[in-house]
Amino acid sequence: VHRTSSGSLYLSSNTLTQELALLLNACATLRQRGYENYTLLVVGSGSQQEELEAFCQANHLKDRVQWAGRISYDQIGSYFRGADVFVFPTQEDTWGVVALEAMLLGKPILCSRGAGTSELVVNGENGYVFAPDAAEELADLMQTFLDHPEMIAAMGERSQQIMRNVWQTSLN
């Protein structure tokens, strides 16, 4: 979740799918609640982009959602550094390397239970886990970061700490 001076990041390696639709629905819920001081940066492209952009237009999210399109892998780090929170709303992903990369770069994670990576998210410590079909729940969690931006740095540090522990454990 990216306050006006911060933001959420959603990365899709090859397609824009129903996961992004869930995230955009959460953004629409935030707007209905009066939250407009954030930006969602969508990285990736796909056949549904036109439909998703139309959804944004119809729900007055055009100023909240930015479309970066497809980027090269060597640019991902700069996009992560510019975000406050990484959102991973996957329906199903065996592991979710992109969430691990976000954690390594010190980002709090909003991750659906559909991702194997959710096992590394400790609710309230380095992010939150939500049901993969629950836009309202995701909106609540995004709102938590908007209401309490002071949590972002500490949760990001905890993400890095968790990744260091995973790395050290794998070496032993």
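Up top is the structure these notes are about.
These remarks concern the structure in this document. For every chain, the first residue of its written sequence is number 1, and the numbers climb from 1 along that sequence. For a predicted model such as this one, the threshold for reporting local features is a pLDDT of at least 70, and the threshold for listing and counting side-chain atom pairs is 80 or more; totals across whole chains, interfaces and linings nevertheless cover every residue. Heavy atoms from the whole structure form the basis of all side-chain values; hydrogens and water molecules are not counted.

## Considerations on helix α1 (residues 18-32)
Rules: Elements are defined by DSSP. Helices are runs of H or I of four residues or more, strands are runs of E of two residues or more, and each kind is numbered from the N terminus. Multiplying 1.5 Å by the residue count of a helix minus one yields the expected span of that helix. Burial classification: accessible surface area is computed with a 1.4 Å probe over protein chains only, and a residue below 20% of its type maximum counts as buried, one above 50% as exposed, and the rest as partly exposed.
Given a rise of 1.5 Å per residue, 15 residues ought to cover 21 Å, and the 21 Å separating the end C-alpha atoms of α1 matches this to within 8%. Inspection of α1 places E19, L20, L22, L23, L24, A26, C27, A28, T29 and L30 among the buried residues, and these make up the whole buried set. Positive phi appears at G34, one or two residues downstream of α1, with a value of about 95°.

## Looking at the environment of L41
Tracing the sequence through the fold places L41 in strand β3 (residues 38-43). Judged by its relative accessible area of 17%, L41 falls in the buried class. Separated by 31 residues in sequence, L41 and Y10 have C-alpha atoms that sit 6.2 Å apart.

## Quick word on the side chain of E101
Note the cut-off: Note that His is not counted, nor are the chain ends; the positive residues are Lys and Arg, and the negative ones are Asp and Glu. Salt bridges are defined by distance alone: a side-chain nitrogen of Lys or Arg within 4 Å of a carboxyl oxygen of Asp or Glu. Polar contact is defined as a pair of N or O atoms within 3.5 Å, subject to the rule that within protein one atom must be able to donate a hydrogen and the other to accept it, and that residues adjacent in sequence are counted only when both atoms are side-chain atoms. Throughout, a residue-residue contact means that at least one pair of heavy atoms, one from each residue, lies within 4.5 Å.
Looking at the secondary structure, you find E101 in helix α4 (residues 97-104). No salt bridge is formed by the buried E101; its nearest oppositely charged neighbour, R81, is found at 11 Å. Within the structure, the side chain of E101 is placed 2.4 Å from the side chain of Y73, a separation counted as a polar contact. Contact partners of E101, with chain neighbours within four places excluded, come to Y73 and F80.

## Describing the nonpolar core
As a reminder of what qualifies: Put simply, buried Ala, Val, Leu, Ile, Met, Phe, Trp, Tyr and Cys residues joined by side-chain atoms within 4.5 Å make one nonpolar core.
Counting residues in each nonpolar core, the largest one holds 32 residues, and the members touching the most others are L23, L40, L110, L138, M142 and F145. Those elements giving two or more residues to this core turn out to be α1, β3, α2 (49-58), β5 (85-88), β7 (127-130), α5 (135-147) and α6 (151-171). Top element by residues in this core is α1. It accounts for eight residues.

## Some points on the packing of α4 against α6
As a reminder, the rule being used: Throughout, an axis means a line fitted to C-alpha atoms (over the contacting stretch in the case of helices), and angles, computed between N-to-C directions, take values from 0 to 180 degrees. Working definition: roughly parallel below 35 degrees, roughly antiparallel above 145 degrees, roughly perpendicular at 65 to 115 degrees, and oblique for all remaining angles. Any residue that is not Ala, Val, Leu, Ile, Met, Phe, Trp, Tyr, Cys, Pro, Asp, Glu, Lys or Arg is counted as polar, Gly included; the first ten are nonpolar and the last four charged.
Where α4 meets α6, the axes come as close as 7 Å, and the angle between the chain directions of the two elements is 115°. Between α4 and α6, the interaxial angle falls into the category roughly perpendicular. On α6, the residues touching L100, M103 and L104 of α4 are S159, Q160, I162 and M163. Here the contact of α4 with α6 is composed, by residue class, of five nonpolar, two polar and no charged.

## Observations concerning the pairing of strand β6 (residues 109-112)
In plain terms, the rule: Strands qualify as paired when DSSP identifies two bridges or more between them. Seen with its strands pointing away from the viewer, a crossover is right-handed when the path leading from the first strand over the helix to the second is clockwise.
Burial along β6 is two-sided: I109 and C111 facing one way and L110 and S112 facing the other are all buried. The sheet contact formed by β5 and β6 spans three bridges and is parallel. From the neighbouring strand, F86 faces β6, where its bridge partner is I109. Note that the unit made of β5, α4 and β6 has a crossover that is right-handed.

## Brief notes about unusual backbone geometry
In this structure, H60 is a non-glycine residue whose phi angle is positive, near 55°. Tracing the sequence through the fold places H60 in the loop between α2 and β4 (65-69). When its relative accessible area of 52% is taken as the criterion, H60 is described as exposed.

## Topic: the pattern of salt bridges
Applying the stated rule across the entire model yields four salt bridges. One connected set of salt bridges, linked through shared partners, spans R33, E136 and D140.

## Let's talk about the environment of L100
As for its placement among the helices and strands, L100 is situated in helix α4. Judged by relative accessible area, L100 falls into the buried class, the value being 13%. Linking L100 and T117, residues 17 residues apart in sequence, is a C-alpha distance of 7.2 Å. Apart from residues lying up to four places away in sequence, L100 is in contact with W95, T117, L120 and M163.

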